[in-house]
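The lines below spell out each chain.
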Amino acid sequence: PLSLQVQPPDPADIRVLRGHQLPVTCLVISPDDRFIFSASKDGALIKCKWEVESGKRLCVVPGGKKGTEERHMGHASHVLCMAISSDGKYLATGDRNKLIMIWDAATCKRLHIFTGHRDAVSGLSFRKGTHQLYSASHDRCVKVWDVAENAYVETLFGHQDVITGLDSLSRECCVTAGGRDGTVRLWKIPEEGSIDCIQLINEEHMVSGADDGSVALWGLTKKKPLALAQQAHGMQDAQGLQQPYWISAVAALRNSDLLATGSHSASVKLWKCGEGFRKLEPLWDIPL
C-alpha cells in the first residue's frame, strides 16, 4: 500500500507561492501537474495561474465592481470554488454573487458565464473524461451544465440547507455535503431515458413504464425497483436499428396482482406481479 511508502518532505523542499493579498479560497492543479490556478478574496478577485516548476505567476485576472462582470474579465465578488476538466482544457470558477465563469485554461481567456443559481456557488466539479460540469450552491440546488455547448442541462433538488461541498469522478453521479442539514447525498444523473407513465397498485407499491421499453415495480419506500422487465413489448426495427418499443401506458387493477401495459407494438400486455412484488411475469398479449 502507498501509505507504507510515503516519507515526510524535507522542509527545504516546500515552496511558498506569494502574490495574493488576502486569504486564498480555492485552487486546482492542472491534470499534467504543470500549473496551479488559485483564487482569493483580494479586492474583488485576482485569479492567478502559476507554473509549478519555476513558481512563476503566468497570468493574473483582475476583478471589477459588482454588476460589471460582463465588461471586466474577472469576478466581482469572492471566488469560492474552482474546477478543471480532466483534459485540462476548461477551468470553471464560482463566486459569492451566484455566477459560474468558464475559462480557457491555456490562455486564461474567459469563454462564458453561467447564471441560474440563486445564491453563492459553493462547489464545482467536472465529470472525469467529459466536459459535463456539476455545481453546488447555497440555494440548496445542484446544477448540471454542458461546458463545451455552453448549455444548462438540469437542476437537482433535495438538500434542506446550503450545500457546502461537491465532488465527482467518472461515473454519472456526484456527491454533496449539505452543511447544517446533516446529510451527505449521492446524486445519480441519468444520461438519457425517461419514465413516462406510472400507476399506484396499492398503498405500498406502484408500476412505471419508460421509453427504453422497461416496466418496473416499485416499493414506495425503496429507491430501486423491486422488479424490472426490460424490452417488455419486444424490439422494433427503426431505420435499420433495433430499438425497444416504448412503454406509453401502464394500468393496475387496484389492490391486486394484475397489471396491463401499452405501447405501439399493436398489443396490450397483461402481467402478474410475483410474490412480494419482486417479479413480473407476462400473462397474455391482447392484439389491438
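An unreviewed UniProt entry lists the protein chain under the name U3 small nucleolar RNA-interacting protein 2, from Chlamydotis macqueenii. Taken verbatim from the UniProt record of the protein chain, the Subcellular location (unreviewed entry) comment is "Nucleus, Nucleolus".

Here's the deal with the pattern of salt bridges
This structure, assessed with the given rule, holds four salt bridges. Across the salt bridge formed by Glu 172 and Arg 127, the nearest N and O atoms sit 3.5 Å from each other. Separated by 45 residues along the polypeptide, Glu 172 in the loop between β13 (165-168) and β14 (173-177) and Arg 127 in the loop between β9 (121-126) and β10 (132-137) bring together distant segments of the chain. For the pair formed by Glu 172 and Arg 127, the shared burial category is buried.

Side note on the packing of aromatic side chains
On inspection of all chains with the given rule, the structure shows two aromatic pairs. Considering the side-chain rings of Phe 114 and Trp 145, the 4.5 Å spacing of their centres and the 25 degrees angle between planes classify their relative orientation as stacked. Within this pair, whereas Phe 114 is found in strand β8 (residues 109-114), its partner Trp 145 is found in strand β11 (residues 142-146), the two being separated by 31 residues in sequence. Looking at Phe 114, the relative accessible area reads 4%, which means it is buried. Plain terms: the ring middles of Trp 145 and Tyr 152 are 5.6 Å apart, the flat faces sit at 70 degrees to each other, and that makes the pair edge-to-face. Counting every residue linked through ring pairs, the aromatic cluster contains Phe 114, Trp 145 and Tyr 152. Directly above the ring of Phe 35 sits Lys 49, whose terminal nitrogen or CZ lies 4.5 Å from the centroid.

Observations concerning the state of the cysteines
Counted by the stated rule, this structure contains one disulfide. In this model Cys 59 forms its disulfide with Cys 108; the gap between the sulfur atoms is 2.5 Å. With Cys 59 in strand β4 (residues 57-62) and Cys 108 in the loop between β7 (100-104) and β8, this residue pair connects regions lying 49 residues apart in the sequence. Summarising the burial analysis for this pair, Cys 59 and Cys 108 share the class buried. With no disulfide of its own, Cys 173 lies closest to Cys 174 among cysteine sulfurs, the gap being 7.2 Å. A relative accessible area of 13% means that Cys 173 is categorised as buried. Among the cysteines around Cys 197, which has no disulfide bond, Cys 273 carries the closest sulfur, lying 14 Å off.

What counts and how
- Residues numbered from 1 in each chain as written.
- Predicted model: local features only at pLDDT ≥ 70, side-chain atom pairs only at ≥ 80, totals over all residues.
- Heavy atoms only, no water.
- UniProt positions renumbered as here; feature names shortened; annotations may be inferred.
- Salt bridge = Lys/Arg side-chain N within 4 Å of Asp/Glu carboxyl O.
- Helix = DSSP H or I, 4+ residues; strand = E, 2+ residues; numbered from the N terminus.
- Buried < 20%, exposed > 50% of the residue type's maximum accessible area, 1.4 Å probe, protein only.
- Phe/Tyr/Trp six-rings, centres within 6.5 Å; stacked < 30°, edge-to-face > 60°.
- Lys NZ or Arg CZ within 6 Å of the ring centre and 35° of its normal.
- Disulfide = S-S within 2.5 Å.

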